[in-house]
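Listed below are the residues making up each chain.
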Amino acid sequence: MDTGQIGELVFKLYRIRFTEPGVGKYLKRWGPTFQRPDKRAVEQDVEAVRVWHEETWPAIRAEAKAENAEVLFGDRVGVRSDQVTGRTWGAKGATPVVLRTGNRFSVNAMSAISTRGRMHFMVFTETFDAKVMCRFLARIVGHFDRKVHLRKVHLVVDRHPAHRSKTVRAWLDGHKNEIELHFLPSYSPELNPDELVNADLKRSLPHTHRARNQTELAAETRRFFHRRQRQPHIVRGYFAGPHVRYALGENPLGF
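- Under an unreviewed UniProt entry, the name given to the chain is ISXo7 transposase, and the source organism is Streptomyces clavuligerus.

Following this line, the structure appears as structure tokens:
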């Protein structure tokens, strides 16, 4: 809502007319700032979000603490060869041009980040489905079996059909002592800090993106994830956003 719309609302409610500059002066005096609004799906269940914030997440965190377990947030992202994101410097009035192939191809990635600053990922070229999800789960479990002395993993994901499929449920039944899946409320990507990994990936690739085929694009995507794995302070930073702090509490990194 801009100052003109706010002025019309004031006139409608109180029959007092303000100019747009006048509305702006009052707003500055009262504290609001002019910002780009965040987006929320109209389908989102507000009550489900409240339950997640006040009941579900505290229960997951308490269970993980009791089990000496690791909590991960996971998500899938797709990267296209014709995707143009980010900005760069250029002369005023002259739009910069980035040279890249005219061929169209894409790769997918599944990633999961830890409240302790760890990152796990898998880059693949096939369509994301239940079999791919099971492969990713097996990779996470294998990593913890070999390298991390933790008893269990709690993985938080959205409600993608592949995550809730019979195939995945059957796989999880055979690994109950190793990994457990938890689901975010529907239409609530702002509650998942791993969404910021996806945004980071898409911002980072344009600066070096010169892939001419799917293999090169997959290699570039892997390089991004390998780089972030060596930067746990950045991974922990994904949990520092205001929406994530609301969803996970003021101290999401600590149990």
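What about the packing of aromatic side chains?
Line of reasoning, step 1. On inspection of all chains with the given rule, the structure shows eight aromatic pairs.
Line of reasoning, step 2. Each ring, one from Tyr26 and one from Trp30, has its centre 5.3 Å from the other, and the planes form 40°; the classification is tilted. Note that Tyr26 and Trp30 are positioned in helix H2 (residues 20–30) at a spacing of four residues, about one turn of the helix.
Line of reasoning, step 3. Ring pairing ties together the aromatic residues Trp52, Trp57, Phe73 and Phe239, which thus form one cluster.
Line of reasoning, step 4. In this structure, Arg17 packs its charged tip against the face of Phe11, placed 3.8 Å from the ring centre.
Line of reasoning, step 5. In this arrangement the basic side chain of Arg29 is found over the ring face of Tyr26, its NZ or CZ atom lying 5.0 Å from the centre.

Here we look at the side chain of Asp194
Line of reasoning, step 1. Secondary-structure assignment places Asp194 in helix H6 (residues 194–208).
Line of reasoning, step 2. The side chain of Asp194 is buried and forms no salt bridge, while Arg76, the nearest opposite charge, is found at 10 Å.
Line of reasoning, step 3. In contact with Asp194, other than residues within four places in its own chain, are Phe73, Gly74, Asp75, Ser111, Ala112 and Ile113.

Concerning the nonpolar core
Line of reasoning, step 1. If you look at the biggest cluster of nonpolar residues, it comprises 31 residues, and the most contacted ones within it are Trp52, Phe73, Ile113 and Phe225.
Line of reasoning, step 2. Taken together, the elements giving at least two residues each to this core come down to helix H3 (46–67), strand E1 (70–80), strand E2 (106–114), strand E3 (119–124), H6 and helix H7 (214–229).
Line of reasoning, step 3. If one sorts the elements of this core by residue count, H3 sits on top with five residues.
Line of reasoning, step 4. Residues Ala112, Leu137, Val141 and Val153 belong to the second largest nonpolar core, which totals 24 residues.

Description of unusual backbone geometry
Line of reasoning, step 1. A positive phi angle, close to 55°, is found at Asn68, a residue other than glycine.
Line of reasoning, step 2. Positionally, Asn68 belongs in the loop between H3 and E1.
Line of reasoning, step 3. On the basis of relative accessibility, which here comes to 37%, the residue Asn68 falls in the partly exposed class.
Line of reasoning, step 4. Located in the positive-phi region is Tyr187, a residue other than glycine, with phi close to 55°.
Line of reasoning, step 5. Here Tyr187 lies in the loop between strand E5 (179–183) and H6.

Criteria and thresholds
- Throughout this document, residue positions are counted from 1 along each chain, in the order its sequence is written.
- Confidence filtering applies because this is a predicted model: local features only for residues at pLDDT of at least 70, side-chain atom pairs given and counted only at 80 or more, and all residues used for totals across whole chains, interfaces and linings.
- Water and hydrogen atoms play no part in the side-chain values, which are based on all heavy atoms of the structure.
- Working definition: a ring pair exists when centres of Phe, Tyr or Trp rings (six-membered ring for Trp) sit within 6.5 Å. Plane angles under 30 degrees give stacked, over 60 give edge-to-face, the rest tilted.
- To qualify as a helix, a DSSP run of H or I must reach at least 4 residues; to qualify as a strand, a run of E must reach at least 2; elements of each kind are numbered from the N terminus.
- For a Lys NZ or an Arg CZ to count as sitting over a ring, it must be within 6 Å of the ring centre and within 35 degrees of the ring normal.
- Any residue under 20% of the maximum accessible area for its type is buried, any over 50% is exposed, and the rest in between are partly exposed; the area is computed with a 1.4 Å probe on protein chains only.
- His is not counted, nor are the chain ends; Lys and Arg add positive charge and Asp and Glu add negative charge.
- Here, a salt bridge means any Lys or Arg side-chain nitrogen found within 4 Å of an Asp or Glu carboxyl oxygen.
- Contacts were defined at the residue level, with two residues in contact if any of their heavy atoms lie within 4.5 Å.
- Buried Ala, Val, Leu, Ile, Met, Phe, Trp, Tyr and Cys residues form a nonpolar core when they are joined through side-chain atoms within 4.5 Å.

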